[in-house]
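Chain by chain, the residues:
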Amino acid sequence: MPEIKLNNVAFAYSNSKQRALTEVNLTIPAGSYTALVGHTGSGKSTLVSLIDGLLKPTAGQITVGKQTVDASARRQDLAKLRQHVGFVFQFPEQQLFAETVAKDIAFGPENLGWGQERVATAVQEALNAVGLPADLAERSPFMLSGGQMRRVAIAGVLAMQPEVLILDEPTAGLDAKSTEQLLNLIATFHQEGRTIILITHQMEQVARYADQVVVMNHGQLVTATTPAQLFADSQLMAANQLNRPAAVQIAHQLRKRGVDLPAVLTLDQLAKTLAPRLKGGTD
């Protein structure tokens, strides 16, 4: 499983004099679940595009496992980087194009030059991984529900067996049930050993799933820390236009009213902490 390291990474788009990223130094441990947060235009998408090899840095170095790229990287160097990393774009179902689910999922593995038998196995395993029944393989992806279409798009990335999975706001536009199912699915991928990088504006998702949170602002890395440490720093949160999760806000209000509470990040944690006290108060 590859560790990801960014060393003094900077990037400027060719049509802009202003750098989109400036001297970013960051380590994403192998097997971690890292949430990437910050307001629109903070540099999150540029950062993950560099990690995936869609862009090459203007300065500095990016290392994924044993593969390092810098400003002199060739196309084949970036392609080697992408062998480790899968990128699920926002609204990935908009990239579906094939006449059947199976053909859409097979597209990536076929482009890697895999044999027919290996591709077929990868398609089936990817369908299983995202919880879609095998009988959907020959159906048109455009006849599926929104949540199912998104799972097909994710399956197309998983079929290439990436060790690192980047997801750009994967729950955007989904209803509550589909959101919960997709987040649980991503958690399963993490439990299986994949490194997860999640771009999100939802602090509840950060609190519930991430073990590291990276805050970006105006192309600069503000901090890489734990969710608990981030949410405890109200000044840092405010300076970067971030809202604390509901459970953290409720716990804060209760403490102001004299209730002694340990640090909690999620509503489930808060409920478990309060339940014995409420029960004791009614006896």
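These remarks concern the structure in this document. All values derive from a computational prediction rather than experimental measurement.

Concerning helix α5 (residues 146-158)
For an α-helix, the turn length of 3.6 residues means that residues three or four places apart are oriented alike. Its 13 residues place the ends of α5 18 Å apart at the C-alpha level, agreeing with the 18 Å of an ideal helix rising 1.5 Å per residue. Among the 13 residues that make up α5, 11 are buried, leaving the element largely enclosed by the rest of the structure. Its buried side turned inward, α5 meets β6 (85-88), α3 (101-111), α4 (116-129), β7 (164-168) and α6 (176-191).

Things to note about the sheet that holds β6
Pairing is mixed across the open sheet formed by 6 strands, whose spatial order is β6-β7-β8-β3-β9-β10. Edge strands, defined here as strands with exactly one partner in the open sheet, are β6 and β10 (220-225). Geometrically, the sheet is characterised by an average inter-axis angle of 15 degrees between neighbouring strands, direction not taken into account. The pairing of strand β9 (residues 212-217) with β10 spans 5 bridges and is antiparallel. Each residue of the ladder has a partner; that of Met-216, found in β10, is Leu-221. On top of the sheet, α6 reaches β3 (33-37), β7 and β8 (195-199); it is set at about 150 degrees to β8, its chief contact.

Topic: α6
An ideal rise of 1.5 Å per residue puts 22 Å on 16 residues; α6 measures up with 23 Å between its terminal C-alpha atoms. All buried positions along α6 are accounted for by Ser-178, Thr-179, Leu-182, Leu-183, Leu-185, Ile-186, Ala-187 and Phe-189. Those residues of α6 hidden inside the fold are in contact with β3, α4, α5, β7, β8 and α7 (203-209).

Calculation criteria
- Residues numbered from 1 in each chain as written.
- Predicted model: local features only at pLDDT ≥ 70, side-chain atom pairs only at ≥ 80, totals over all residues.
- Heavy atoms only, no water.
- Helix = DSSP H or I, 4+ residues; strand = E, 2+ residues; numbered from the N terminus.
- Expected span 1.5 Å × (residues − 1).
- Buried < 20%, exposed > 50% of the residue type's maximum accessible area, 1.4 Å probe, protein only.
- Contact = heavy atoms within 4.5 Å.
- Pairing = 2+ DSSP bridges.
- Axes fitted to C-alpha atoms, helices over the stretch in contact; angles between N-to-C directions.

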